[in-house]
Amino acid sequence: MRAYWYDNEAGDQRELHDSGRDVSAEYLSQLGVLYYRVPDEKDVDKLATERSYKNRDLITVSPEKMGDVYEEKVKSFFHEHLHEDEEIRYIRDGTGFFDVRSEGDEWVRIYLEKDDLIILPAGIYHRFTTDSKNYIMAMRLFKEEPKWTPLNRGPEVDVNPFRKEYLQTRTAVASQ
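Values in this document were obtained by computation on a predicted structure and should not be read as measured data. (Residues numbered from 1 in each chain as written. Predicted model: local features only at pLDDT ≥ 70, side-chain atom pairs only at ≥ 80, totals over all residues. Heavy atoms only, no water.)

Draft legend 1. Quick look at helix α2 (residues 41-50). Every buried residue of α2 is accounted for by Val-44, Leu-47 and Ala-48. Take α2 and look down its axis: the buried residues cluster within an arc of 105°, on one side only. Facing away from the buried side of α2, by more than 90 degrees, are the exposed residues Lys-42, Lys-46, Thr-49 and Glu-50. Contact partners of the buried residues in α2: β3 (34-37), β4 (55-61), β6 (87-101), β8 (116-120) and β10 (136-142). Its side-chain oxygen at 2.9 Å from the backbone nitrogen of Lys-42, Asp-40 defines the N-terminal cap of α2. Phi for Ser-52, located one or two positions after α2, is positive at around 65°. (Buried < 20%, exposed > 50% of the residue type's maximum accessible area, 1.4 Å probe, protein only. Helix = DSSP H or I, 4+ residues; strand = E, 2+ residues; numbered from the N terminus. Arc of directions from axis to C-beta. Contact = heavy atoms within 4.5 Å. Polar contact = N/O pair within 3.5 Å; in protein donor to acceptor, adjacent residues only side chain to side chain.)

Draft legend 2. Fine view of the nonpolar core. Counting residues in each nonpolar core, the largest one holds 25 residues, and the members touching the most others are Val-33, Val-100, Val-108 and Ile-110. Of all the elements in the fold, those that place two or more residues in this core are β1 (2-6), α1 (25-30), α4 (70-77), β6, β7 (107-113), β8 and β10. In this structure, Ala-48, Tyr-90, Leu-117 and Met-139 belong to the second largest nonpolar core, which totals eleven residues. (Core = buried A, V, L, I, M, F, W, Y, C linked by side-chain atoms within 4.5 Å.)

Draft legend 3. Geometry of the packing of aromatic side chains. Going through the model one piece at a time under the given rule, you end up with four aromatic pairs. Put simply, the rings of Phe-77, Phe-98 and Phe-128 touch in pairs and so form one group of aromatic residues. The ring centre of Tyr-6 lies 4.9 Å from the NZ or CZ of Arg-127, which sits over that ring. One Lys or Arg, Arg-127, reaches over the ring of Trp-107 and ends 3.9 Å from the middle of that ring. (Phe/Tyr/Trp six-rings, centres within 6.5 Å; stacked < 30°, edge-to-face > 60°. Lys NZ or Arg CZ within 6 Å of the ring centre and 35° of its normal.)

Draft legend 4. The arrangement of the pattern of salt bridges in detail. Scanning the entire structure with this criterion turns up 21 salt bridges. For Arg-51, the salt bridge goes to Glu-86, with nearest N and O atoms at 2.5 Å. Residue Arg-51 is located in the loop between α2 and β4, and its partner Glu-86 is located in the loop between β5 (81-82) and β6; the two are separated by 35 residues in the primary sequence. Under the relative-accessibility criterion, Arg-51 is labelled partly exposed at 23%. For Arg-101, the salt bridge goes to Glu-80, with nearest N and O atoms at 2.9 Å. Here Arg-101 is found in strand β6, whereas its partner Glu-80 is found in the loop between α4 and β5, with 21 residues between them in sequence. Residue Arg-101 is classed as buried on the basis of its relative accessible area, which comes to 14%. Linked through salt bridges whose partners overlap, the residues forming this network are Glu-80, Arg-101, Asp-105, Arg-153 and Asp-158. (Salt bridge = Lys/Arg side-chain N within 4 Å of Asp/Glu carboxyl O.)

The quantities given are spatial measurements derived from coordinates; they are silent on function.
Here it is in structure tokens:
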């Protein structure tokens, strides 16, 4: 894992967009983003038990696996959105990026590769893309039945109860 400030330059979303300004795992934690390096899948089982994740699946995002809908899907994953559940991804193969919004509404880009596990809190604005290799395989973990319902950013989502709770939690962390 490597995290850094997104450069906001024009260009393909799958490029690095590296500003050269790194972001620490501690800063990610302040945003509510948790990172683990997990070379042994048994440790994922332990984490799943600790955090009450009951279900999981594998998703492969690649032109070979997704066919003609690949480009459309990658673009849709890159729309800024939030979820009302934690988003947990354990990278099994390949590489990609999660971008998360900072408290100042800037993008932090998180580069993930095999054995990286990331947990995004409910209510955080984020987006995802493959990198220029166009391939990633990830295990998705869920507390209940698998679901992936993105709520695209907008005025009505800014007042979503999960968004408000996320912001209140971050304010409490910042004031400590």
